[in-house]
Amino acid sequence: MTRDKKLIIGNWKMNLNMHEASLYVHQLSGLVQSRRDVEVVLAPTLLTIQSLSLQVDRRQFKLAAQNLYWRDYGAYTGEVSARQLRGIVDYALIGHSERRHIFNETDKDTRSKIQACIRNQIRPVLCIGETASERANGEATDVLHDQLIGGLANVTSDELEEVVIAYEPVWAIGTGDNALPDDVTKAVVAIRSQIKHLYGATAAKNVCILYGGSVKADSAADYLAINGIDGLLIGGASLDAHAFNDIIQKAHDSAAKAKK
Ligand code: PGA
């Protein structure tokens, strides 16, 4: 994916049952106009993903897994592998802060999962971000650095083209606490400079970076206007089809503006 296209991902988390999910997609598809300059991705629960893959028009929406297991198959009760999701999803969220902080996922897990995605033609969205206390201690840049190195350790330059990075400060997720554009700019500069150090200047320029954390329809344009931000990862506001459509529209406006 090139950086002139905006990427908007709706992370439903553990919300919407089969019926609600299907209704939602029906409603959203009536609202969203397909635009070449915006890629819209829905990340439903694994329960609903298979049936939604039959319902959605992939030119309008792509699907993402919220998580997956890194082994391709075997005795791993309760898990679903990238190999099983291959062909159903185009993206997978990897290392979301709720996975890291509630389910104790480590950088080693994110690394293995990113490898599993790449093996199975799924684009990983590596989520990174500092907690409130790490931020208060001035450790934000170090945390981003560690999570990037930890997740990308086995990724080659060619493979990096498939990886999306989502900066999501943990203290801003689901809290209504908005990160200031200046904070986000600082984080994006740190991420690109780390990518430059690891993969060179071209990779640093080309890598797709999203922002996520309490983004709503009325704040989306401000985040999309930040230099170096290529899209948004939306949690709560993606559960309302109208609010999510407004955000998609903001992304289109922002892409159109950038082209001028
Ligand atoms: P939020 O969630 O928009 O509800 O803060 C974002 C995320 O968890 O990806």
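**So, the overall build of the protein**
Piece 1. Helix and strand counts for the protein stand at twelve helices and eight strands.
Piece 2. With the principal axes as the frame, the protein shows a C-alpha extent of 50 × 45 × 35 Å.
Piece 3. Residue pairs at least 24 apart in sequence account for 73% of intrachain contacts in the protein once pairs closer than 6 positions are excluded.
Piece 4. With the model as given, the accessible surface of the protein reaches about 12300 Å², and the carbon-plus-sulfur share is 49%.

**Let's talk about the sheet that holds strand E6 (residues 164-167)**
Backbone hydrogen bonds hold the strands of a sheet together, and the pairing may be parallel or antiparallel.
Piece 1. The strand order E1-E2-E3-E4-E5-E6-E7-E8 describes a closed barrel built from eight strands, whose pairing is parallel. Across the sheet, the mean angle separating the axes of adjacent strands is 25° when strand polarity is ignored.
Piece 2. With respect to the sheet, helix H7 (residues 140-152) is in contact with strand E5 (123-128) and E6, its orientation differing from that of E5 by roughly 155°.
Piece 3. Lying over the sheet, helix H9 (residues 181-199) contacts E5, E6 and strand E7 (208-212), oriented at roughly 145° with respect to E6.

**A look at the layout of surface pockets**
Piece 1. For the largest pocket, the calculated volume is near 530 Å³.
Piece 2. Taken together, 18 residues form the lining of the largest pocket, with Met14, Gln66, Asn67, Arg99 and Phe103 sitting closest to its centre.
Piece 3. The element contributing the most residues to the lining of the largest pocket is helix H4 (residues 97-102), with three residues.
Piece 4. Split into classes, the residues belonging to the lining of the largest pocket amount to eight nonpolar, six polar and four charged.
Piece 5. Taken as a whole, the second largest pocket spans an internal volume of roughly 220 Å³.
Piece 6. Along the wall of the second largest pocket there are twelve residues; nearest its centre are Leu160, Glu161, Ala203, Asn206 and Val207.
Piece 7. Top contributing element to the lining of the second largest pocket by residue count: helix H10 (residues 201-206), with three residues.
Piece 8. Among the residues making up the lining of the second largest pocket, the classes are represented as seven nonpolar, three polar and two charged.

**Side note on the state of the cysteines**
Linking two cysteines covalently via their sulfur atoms produces the bond known as a disulfide.
Piece 1. Under the counting rule described, the total for this entry stands at zero disulfides.
Piece 2. Free of any disulfide, Cys117 has its nearest cysteine sulfur in Cys127, 11 Å distant.
Piece 3. When its relative accessible area of 0% is taken as the criterion, Cys117 is described as buried.
Piece 4. Cysteine Cys208 is unpaired, with the sulfur of Cys127 as its nearest cysteine sulfur at 12 Å.

**Quick word on the packing of aromatic side chains**
Piece 1. Under the counting rule described, the total for this entry stands at five aromatic pairs.
Piece 2. With a centroid separation of 5.7 Å and 50° between ring planes, the pair formed by Tyr69 and Trp70 is classed as tilted.
Piece 3. The partly exposed category is assigned to Trp70, whose relative accessible area is 24%.
Piece 4. Ring centres 5.1 Å apart and planes at 45° place the aromatic pair Tyr69 and Tyr76 in the tilted group.
Piece 5. You can call Tyr76 partly exposed: its relative accessible area is 32%.
Piece 6. Taken together, the aromatic side chains of Tyr69, Trp70 and Tyr76 make up a single cluster linked through ring pairs.
Piece 7. The cationic tip of Arg135 hangs over the ring face of Trp171; the distance from NZ or CZ to the ring centre is 3.9 Å.

The rules behind the values
The numbering scheme is per chain: residues are counted from 1 as the chain's sequence reads. Predicted model: local features are reported for residues with pLDDT of at least 70 only, side-chain atom pairs are reported and counted for 80 or more only, and whole-chain, interface and lining totals are derived from all residues. Neither water nor hydrogens contribute to the side-chain values; these are computed over all heavy atoms in the structure. A run of H or I in DSSP counts as a helix once it spans at least four residues, and a run of E counts as a strand once it spans at least two, with each numbered from the N terminus. Note on contacts: a residue pair qualifies if any of its non-hydrogen atoms lie within 4.5 Å across the two residues. Method for areas: the Shrake-Rupley scheme with a 1.4 Å probe, in which residue coverage is limited to the protein chains shown. In short, DSSP must find at least two bridges between two strands for them to pair. The axes used here are C-alpha line fits, helices contributing only the stretch in contact, and every angle between their N-to-C directions lies in the interval 0 to 180 degrees. A cavity here means a set of points on a 1 Å grid, drawn over the protein atoms and nothing else, where a 1.4 Å probe fits but cannot get out; a pocket is an open set with protein on both sides within 12 Å along at least five of seven lines, and a residue lines either one if it has an atom within 4 Å of a point. Grid points are joined across faces, edges and corners, and a volume is the space filled by probe spheres set on the points. The residue classification treats Ala, Val, Leu, Ile, Met, Phe, Trp, Tyr, Cys and Pro as nonpolar and Asp, Glu, Lys and Arg as charged. All others, Gly included, are polar. When two cysteine sulfur atoms are found within 2.5 Å, that pair is recorded as a disulfide. The cut-offs for exposure are 20% and 50% of the maximum accessible area for each residue type, with area from a 1.4 Å probe on protein chains only; residues under the lower value are buried, those over the upper are exposed, and the others partly exposed. Think of it this way: a Phe, Tyr or Trp ring, Trp meaning its six-membered ring, pairs with another when their centres are within 6.5 Å, and the plane angle makes it stacked under 30 degrees, edge-to-face over 60, tilted otherwise. Sitting over a ring, as applied to charges here, requires NZ of Lys or CZ of Arg to be within 6 Å of the ring centre and within 35 degrees of the ring normal.

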